[in-house]
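Spelled out, the chains give:
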Amino acid sequence: MLEQRELAGVGEARRLVLPARAGARGRARAREGAAGLGAWAAALAVAGLLGWLVGEIAAGGAPALSWSLLAEAPADAGRAGGILPILVSTLLLVGVCLSVALPLGLGAAVWLAELAAAGGRRGRWVRASLDALAGVPSIVMGLFGSALFCRTLGLGYSILAGGLTLACMALPIAVRAAEQGLREAAGELRRAAAALGLGRAATLLHVLLPAAAPALLVGVVLGIGRAAAETAALLFTSGYVDRMPGSLLDSGRSLSIHIYDLAMHVPGGNHRAYASALVLLAVLLCLNALAGWMADRWLARAHARC
Amino acid sequence: MTWYERRASCRWSAEAALRWWMRGSAALAGGLVVLVLAFVLAEALPLLLRVGGGRLFTDASWQPTAGRFGIGPLVWGTLLVAGGAVALAAPLGIASAVFVHFYAPQALVRPYRRAVELLAGIPSVVYGLWALVVLVPLLARLRPPGTCLLAGMLVLAVMVLPTVALFADASLARLPPELWRGAAALGLGRWATVRAVALPAARAGLAAGVLLAAVRAVGETMAVLMVCGNVIAVPADGLAPVRALTAHIALEMGYAAGEHRAALFATGLVLLAMVGALVGAVHLFGRRGHHA
């Protein structure tokens, strides 16, 4: 069936390139030129959009950027002062998210890669359910977090509730990254460990995890970026309060929510929103660059060694 | 018990603990989506049982405190914003992938891919801020206040563009090299190769990418919330304000209680159903792609 389709495609292509008459040949050449222009125009548009966006945020945020922005508490609903408590809350949210998602994700990934029968029904089911979870809109995860963590478990609007909601959202990413790392690291190594008579636990701790560590770390860095960028799921789980959080049970405002609040609810808050967005973008770009650098350096070397 | 036996039993318990940790996390990871569905359903259920799910679509207006729960205009809002965004982003994204594979000079391929990935990594709230400050004033020149359906479509199109572009890129990269050799042997030009060989062969992957972009567009909250104007009505034209399902939940969850709150969870269920239908369609295309 595929061959037929391909042949049909080839027949169509013949019509396109080898036309009988000179005029038709000229038209084909014109079409080639127009298509090239179109592809370049699309690429320029994409690059231009990125430049426009980042340039606008950088130009708007740079004037408000200063040491005191990072070191002071916000004043006048965020129009003045800094974003220190917001940075601390963001860090705590990401910390809670990581400390829950990492062990769970790793455990599930090891189970999928090592224990679940290859192609077995249970493994397939877990993977499908994780895929479904990854597709749930973040606002619905916010509803879930608010129902389970804030209400049922009685955590209220708190950093803990927000961080746990983030952990639920990060779980599919964590499992996928860890499973891929384990699979790539395994194979020869696993057989060698078995030949040495190592048990499952020893193989995992001393052979597989160290070998998969670079891939895991790249996954962690990317996951931190995702968690730091999330907004909608935090709106009614971690709350809006912009004071310095005293504990994980306090409400805390993430950087992304701060940007939203300044842009939408605080007249004259735009330049501070820009500055906060610039800080967030800078953090994310650094994380992205770090992940890329680690992947290039460690994963390439690991592949070269194999 | 000799030290050796003790160590052996210790190792056994470590092994058992490890196994239980793995099983436990796998069970939790696998069951989480069911838990999400169960909690959202449980919160919405009292309302659904009392007035019935149909009322969500048949009620003429949304006045939850007065017992009217019509979210029809919101469904239209989501469909219009997301549909328009995907219609704008799909051709541009596919063209971008075609550029990477057929037109870009070798030195540009890596930086260009990196740029598209960066675009994918920008948080939605930053897109929203950018659109609010840049796009909305531009549209306000056509007709104030500028927060409207078109603004939402445009910003969402920019946001889902990298999804389409990266997916199309990956599915073009998966095509077997014989295709290019065959095309070259026929003396095909680049565009002829793209139109008659590459795009038809990568069809399933391209469709899956566009559908995933639609999943992202339907589920997106922040940017839509910030630039669409959020009036509950089916928009008369592109410059009229509109409210999407996601923005609706985000706007009213903060102060909702009782049946109002339950109605918002029911709105979440409708959203889940839309996303579920799209994901199902992706799987359908994925399977077809494997068979072909």
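Residues numbered from 1 in each chain as written. Chains lettered and ligands numbered in written order. Predicted model: local features only at pLDDT ≥ 70, side-chain atom pairs only at ≥ 80, totals over all residues. Heavy atoms only, no water.

Considerations on the overall build of chain A
Stage number 1. Helix and strand counts for chain A come out as 11 helices and two strands.
Stage number 2. Along its sequence from the N terminus, chain A presents helices and strands in the succession α-α-α-β-β-α-α-α-α-α-α-α-α.
Stage number 3. Counting over 306 residues, chain A shows a buried share of 49%.
Stage number 4. Counted over contacts in chain A with a minimum sequence separation of 6, partners at least 24 positions apart contribute 71%.
Stage number 5. Of the roughly 14,300 Å² that chain A leaves accessible, carbon and sulfur atoms contribute 64%. (Helix = DSSP H or I, 4+ residues; strand = E, 2+ residues; numbered from the N terminus. Buried < 20%, exposed > 50% of the residue type's maximum accessible area, 1.4 Å probe, protein only. Contact = heavy atoms within 4.5 Å. Areas by Shrake-Rupley, 256 points an atom, 1.4 Å probe, with all protein chains shown as cover.)

Notes on the domain arrangement of chain A
Residue and element names in this part refer to chain A.
Stage number 1. For chain A, the assigned domains are domain 1 (2–64) and domain 2 (68–305).
Stage number 2. With seven residues of domain 1 at the contact, the number on the domain 2 side is seven residues.
Stage number 3. In this structure, the connection of domain 1 to domain 2 is made through zero salt bridges.
Stage number 4. At the boundary of domain 1 with domain 2, the tally comes to one residue pair in polar contact (both at pLDDT 80 or more).
Stage number 5. Looking at the side of domain 1 that touches domain 2, its residues break down into four nonpolar, two polar and one charged. (Domains from an automatic or database assignment. Salt bridge = Lys/Arg side-chain N within 4 Å of Asp/Glu carboxyl O. Polar contact = N/O pair within 3.5 Å; in protein donor to acceptor, adjacent residues only side chain to side chain. Nonpolar A, V, L, I, M, F, W, Y, C, P; charged D, E, K, R; others polar.)

Here's the deal with the packing of aromatic side chains
Stage number 1. Taken as a whole and judged by the stated rule, the model has six aromatic pairs over all chains.
Stage number 2. Considering the side-chain rings of Trp40(A) and Phe99(B), the 4.9 Å spacing of their centres and the 75° angle between planes classify their relative orientation as edge-to-face. With Trp40(A) in helix α2 (residues 22–61) and Phe99(B) in helix α3 (residues 72–103), this pair bridges two chains.
Stage number 3. A relative accessible area of 2% places Phe99(B) in the buried class.
Stage number 4. What links up through ring pairs into an aromatic cluster is the set Trp40(A), Phe99(B) and Tyr112(B).
Stage number 5. The ring of Trp20(B) is capped by Arg23(B), whose NZ or CZ atom sits 5.4 Å from the centre of that ring. (Phe/Tyr/Trp six-rings, centres within 6.5 Å; stacked < 30°, edge-to-face > 60°. Lys NZ or Arg CZ within 6 Å of the ring centre and 35° of its normal.)

Section: the nonpolar core
Across soluble globular proteins, nonpolar side chains have a tendency to be buried as a group.
Stage number 1. With 189 residues, the main nonpolar core has Phe144(A), Val126(B), Leu129(B) and Val227(B) as its most contacted residues.
Stage number 2. The residues contacting Leu129(B), other than those within four sequence positions of it, are Ile57(A), Ile259(A), Ala263(A), Asn270(A), Ala273(A), Tyr274(A), Ala277(A) and Met226(B).
Stage number 3. Within the second largest apolar cluster, five residues are counted, among which are Val221(A), Leu287(A), Ala291(A) and Met294(A). (Core = buried A, V, L, I, M, F, W, Y, C linked by side-chain atoms within 4.5 Å.)

Quick look at the packing of helix α4 (residues 84–115) of chain A against helix α7 (residues 159–185) of chain A
Residue and element names in this part refer to chain A.
Stage number 1. Where α4 meets α7, the axes come as close as 6 Å, and the angle between the chain directions of the two elements is 40°. In terms of orientation, α4 lies oblique with respect to α7. In the crossing of α4 with α7, the sense of the turn from one axis to the other is right-handed.
Stage number 2. For the contact of α4 with α7, the per-class residue count stands at 24 nonpolar, four polar and two charged. (Axes fitted to C-alpha atoms, helices over the stretch in contact; angles between N-to-C directions. Parallel < 35°, antiparallel > 145°, perpendicular 65-115°, else oblique. Left-handed = near helix turned anticlockwise from the far one by under 90°.)

Some remarks on empty space enclosed by the protein
Residues and elements named next belong to chain B.
Stage number 1. Taken as a whole, this structure holds three cavities of 30 Å³ or more when the rule is applied.
Stage number 2. Empty space within the largest cavity amounts to approximately 40 Å³.
Stage number 3. Around the largest cavity, the lining residues are Thr-78, Val-81, Ala-82, Leu-156, Ala-217, Val-218, Glu-220, Val-224, Ala-244 and Thr-246.
Stage number 4. Those elements that provide at least two residues to the lining of the largest cavity are α3 and α9 (203–219).
Stage number 5. Of the residues forming the lining of the largest cavity, the biggest block, three residues, is contributed by α3.
Stage number 6. The residue makeup of the lining of the largest cavity, split by class, is seven nonpolar, two polar and one charged.
Stage number 7. In this structure, the second largest cavity encloses a volume near 40 Å³.
Stage number 8. Ser-96, Ala-97, Val-100, Tyr-112, Arg-113, Val-116, Ala-165, Leu-166 and Asp-169 together form the lining of the second largest cavity.
Stage number 9. Elements with a contribution of two residues or more to the lining of the second largest cavity: α3, α4 (106–121) and α6 (149–173).
Stage number 10. In terms of residue class, the lining of the second largest cavity is made up of six nonpolar, one polar and two charged. (1 Å grid on protein atoms, 1.4 Å probe; cavity = no way out; pocket = protein on both sides within 12 Å on 5 of 7 lines; lining within 4 Å. Points joined across faces, edges and corners; volume = space filled by probe spheres on them.)

Thoughts on a nonpolar patch on the surface
Residues and elements named next belong to chain B.
Stage number 1. A surface patch of nonpolar side chains, amounting to about 280 Å² of accessible area, comprises Leu-41, Leu-45 and Leu-49.
Stage number 2. In this structure, Leu-45 sits in helix α1 (residues 3–51).
Stage number 3. Among the residues examined, Leu-45 registers a relative accessible area of 35% and is labelled partly exposed. (Patch = residues over 30% accessible without salt bridge, like charges linked within 9 Å, V, L, I, M, F, W, Y side chains within 5 Å.)

Some points on the domain arrangement of chain B
All names here are of chain B.
Stage number 1. Here the domain parsing of chain B yields domain 1 (3–51) and domain 2 (62–291).
Stage number 2. The centre of domain 1, based on its C-alpha atoms, is set 34 Å off from the matching centre of domain 2.
Stage number 3. For domain 1, the biggest contributors to the area lost against domain 2 are Val-40, Glu-43 and Leu-47; these three give 57% of the whole.
Stage number 4. Taken together, domain 1 and domain 2 are joined by two salt bridges. (Buried area = accessible area lost by both parts, 1.4 Å probe.)

As for the interface of chain B and chain A
Stage number 1. Each partner contributes to the interface: chain B provides 77 residues, whereas chain A provides 82 residues.
Stage number 2. Buried surface at the junction of chain B and chain A, summed over both partners, amounts to about 7,100 Å²; 80% is from carbon and sulfur atoms.
Stage number 3. When the area that chain B buries against chain A is broken down by residue, the three leading residues are Met22(B), Leu129(B) and Trp130(B), summing to 8%.
Stage number 4. Counting the contacts that link chain B with chain A gives one salt bridge.
Stage number 5. Of the charged contacts in the structure, one is a salt bridge between Arg110(B) and Asp296(A), with a shortest N-O distance of 3.7 Å.

Focus: the side chain of Arg261(B)
Stage number 1. Tracing the sequence through the fold places Arg261(B) in helix α12 (residues 258–291).
Stage number 2. Apart from the residues within four sequence positions on either side, Arg261(B) is in contact with Ser146(A), Ala147(A), Arg151(A), Glu43(B), Met253(B) and Ala256(B).

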